[in-house]
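Report on the structure
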Amino acid sequence: MANRWTEQDIPAQKGRLAVVTGANSGLGFETARALAARGASVVLAVRDVDKGKHAADRIASAVPGADTTVQQLDLTSLASVRTAAEQLKSAHATIDLLINNAGVMYPPRQTTSDGFELQFGTNHLGHFALTGLLLDTMLPVPGSRVVTVSSVGHRIRARIDFDDLHGERSYNRVAAYGRSKLANLMFTYELQRRLSGNGKTIAVAAHPGAANTDLMRNMPTALRALVPVVAPIVTQTPAMGALPVLRAATDPGVLGGQYYGPGGFLETRGYPKIVESSARSHDMAIQQRLWTVSEELTGVTFPV
């Protein structure tokens, strides 16, 4: 049934190479495991190599013969992003799937090594730079996809404030997270517009709903008290949360610029389907301005 898309619906991935950021736990781990189970070669791009190796071992025990490698990648450092991109390109002539999954949620205000607010710097700018540096290995590949993971949080207090992108004047962790997830969608839509003449690579977005993962650890105290009460009603397992990402990455019917999320209650849980993002996320002028600012901040320009 079309409304019950599951892991069993993932087409064979033999011969395809997938790079998954943040693949050592949660959604990233489940995404990497499911792709490996369908025959993909999967690169676990992770900040902590030991955790990445442990994740690769877990995948190998669940998927005998799984083809996984671990790549060190710290999205809070543009130097690390550049090094990782160079190493990936020297190891692989082409990449079929780039899944921009890693993220941080609701930390107290911190900055990356390049001085960016941590959530915006990691969730958006790090992935923007990585995608730009890897894209030329994807453009020649039929069916290649850039899948960027957003969140229902892109609707919550989310605005791209170009005068205070890094929360120096005022910082609210929920608003900063929303901004980074709104940026993920705007990046996807603008990237798809730039790719549309290419014909081989598409950009797609997805969100996991309310998946019960490590990201919850920085929830504001007032909200954390509600988790035991609300979680059983609205959250779902990381494996279910990964399904929209997996569908965006592998379903042959997916079109560039689409956005996938859970089809159940308020998009918090359920099987994946096409969902709508906020009106703000479709503001083309802000998408284009964000793109230009992101190029300036990262020093990365795209080959499209």
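That block above? That's the structure.
A quick note: this is a predicted structure, and the numbers were derived from the prediction, not measured.

Reading guide: rules and limits
- Residues numbered from 1 in each chain as written.
- Predicted model: local features only at pLDDT ≥ 70, side-chain atom pairs only at ≥ 80, totals over all residues.
- Heavy atoms only, no water.
- Helix = DSSP H or I, 4+ residues; strand = E, 2+ residues; numbered from the N terminus.
- Rg over C-alpha atoms; globule rule 2.2 N^0.38 Å.
- Buried < 20%, exposed > 50% of the residue type's maximum accessible area, 1.4 Å probe, protein only.
- Contact = heavy atoms within 4.5 Å.
- Areas by Shrake-Rupley, 256 points an atom, 1.4 Å probe, with all protein chains shown as cover.
- Lys, Arg positive; Asp, Glu negative; His and termini not counted.
- Charge placed at Lys NZ, Arg CZ, Asp CG, Glu CD.
- Phe/Tyr/Trp six-rings, centres within 6.5 Å; stacked < 30°, edge-to-face > 60°.
- Pairing = 2+ DSSP bridges.
- Axes fitted to C-alpha atoms, helices over the stretch in contact; angles between N-to-C directions.
- 1 Å grid on protein atoms, 1.4 Å probe; cavity = no way out; pocket = protein on both sides within 12 Å on 5 of 7 lines; lining within 4 Å.
- Points joined across faces, edges and corners; volume = space filled by probe spheres on them.
- Nonpolar A, V, L, I, M, F, W, Y, C, P; charged D, E, K, R; others polar.
- Salt bridge = Lys/Arg side-chain N within 4 Å of Asp/Glu carboxyl O.

1. So, the overall build of the protein
Helix and strand counts for the protein come out as ten helices and eight strands. What you see for the protein is a C-alpha radius of gyration of 18 Å, in line with the 19 Å of a compact globule of 304 residues. Taking the principal axes of the C-alpha coordinates as reference, the protein spans close to 50 × 45 × 35 Å. The burial tally for the protein puts 56% of its 304 residues in the buried class. Long-range contacts, defined as pairs at least 24 residues apart, comprise 77% of the intrachain contacts of the protein with a sequence gap of at least 6. Accessible surface computed for the protein: about 12600 Å², of which carbon and sulfur atoms make up 52%. The protein carries 30 positive and 25 negative side-chain charges, and their two centres are separated by 5 Å.

2. What to know about the packing of aromatic side chains
Each pair of aromatic rings is reported with the distance of its centres and the angle of its planes. Tallying each qualifying case throughout the model produces seven aromatic pairs. Ring centres of F187 and W291 lie 5.8 Å apart, and the angle between their planes is 20°; this geometry places the pair in the stacked category. Note that F187 is positioned in helix α5 (residues 173–195) and W291 in helix α10 (residues 284–298), a separation of 104 residues in sequence. Side by side, F187 and W291 carry an identical accessibility label, which is buried. Geometrically, the ring pair formed by W291 and F302 is tilted, given 4.6 Å between the ring centres and 55° between the ring planes.

3. Focus on the sheet that holds strand β3 (residues 67–72)
Whenever strands of a sheet pair, they do so through backbone hydrogen bonds, lying parallel or antiparallel. Ordered in space as β3-β2-β1-β4-β5-β6-β7-β8, the eight strands form an open sheet in which the pairing is mixed. Each end of this open sheet is capped by a strand with a single partner; those strands are β3 and β8 (272–274). If you compare each strand with its neighbour and ignore which way they point, the axes differ by 20° on average. Sheet topology note: the strand β1 (residues 17–21)/strand β4 (residues 97–100) ladder contains three bridges and is parallel.

4. Observations concerning the layout of surface pockets
What the second largest pocket holds in volume is close to 230 Å³. Together, 14 residues line the second largest pocket, and R157, D161, S170, A175 and R179 are the ones closest to its centre. When the residues that make up the lining of the second largest pocket are grouped by side-chain class, the tally is four nonpolar, three polar and seven charged.

5. Observations regarding the pairing of strand β7 (residues 259–262)
Sheet analysis places strand β6 (residues 201–206) next to β7, joined by two bridges and oriented parallel. Note that in β7 the partner of A206 across the bridge is Y260. As paired elements, β7 and β8 share three bridges and run antiparallel to each other. From the neighbouring strand, Y260 faces β8, where its bridge partner is I274.

6. Structural notes on unusual backbone geometry
With glycine set apart, most residues show a phi of negative sign, and most peptide bonds adopt trans. For L266, which is not a glycine, the phi torsion comes out positive at approximately 50°. Relative to the elements of secondary structure, L266 occurs in the loop between β7 and β8. Taking relative accessible area as the criterion, L266 reaches 64% and is therefore assigned exposed. Even without a glycine there, the phi angle at E267 is positive, about 60°. Relative to the elements of secondary structure, E267 occurs in the loop between β7 and β8.

7. Some thoughts on the pattern of salt bridges
The full count for this structure, using the stated rule, is eight salt bridges. Its salt-bridge partner being R193, residue E190 comes within 2.3 Å of it at the nearest N-O pair. You can see E190 and its partner R193 sitting in helix α5, three residues apart, about one turn around the helix. For R193, a relative accessible area of 32% puts it in the partly exposed group. Where salt bridges share partners, they join E7, E30 and R33 into one cluster.

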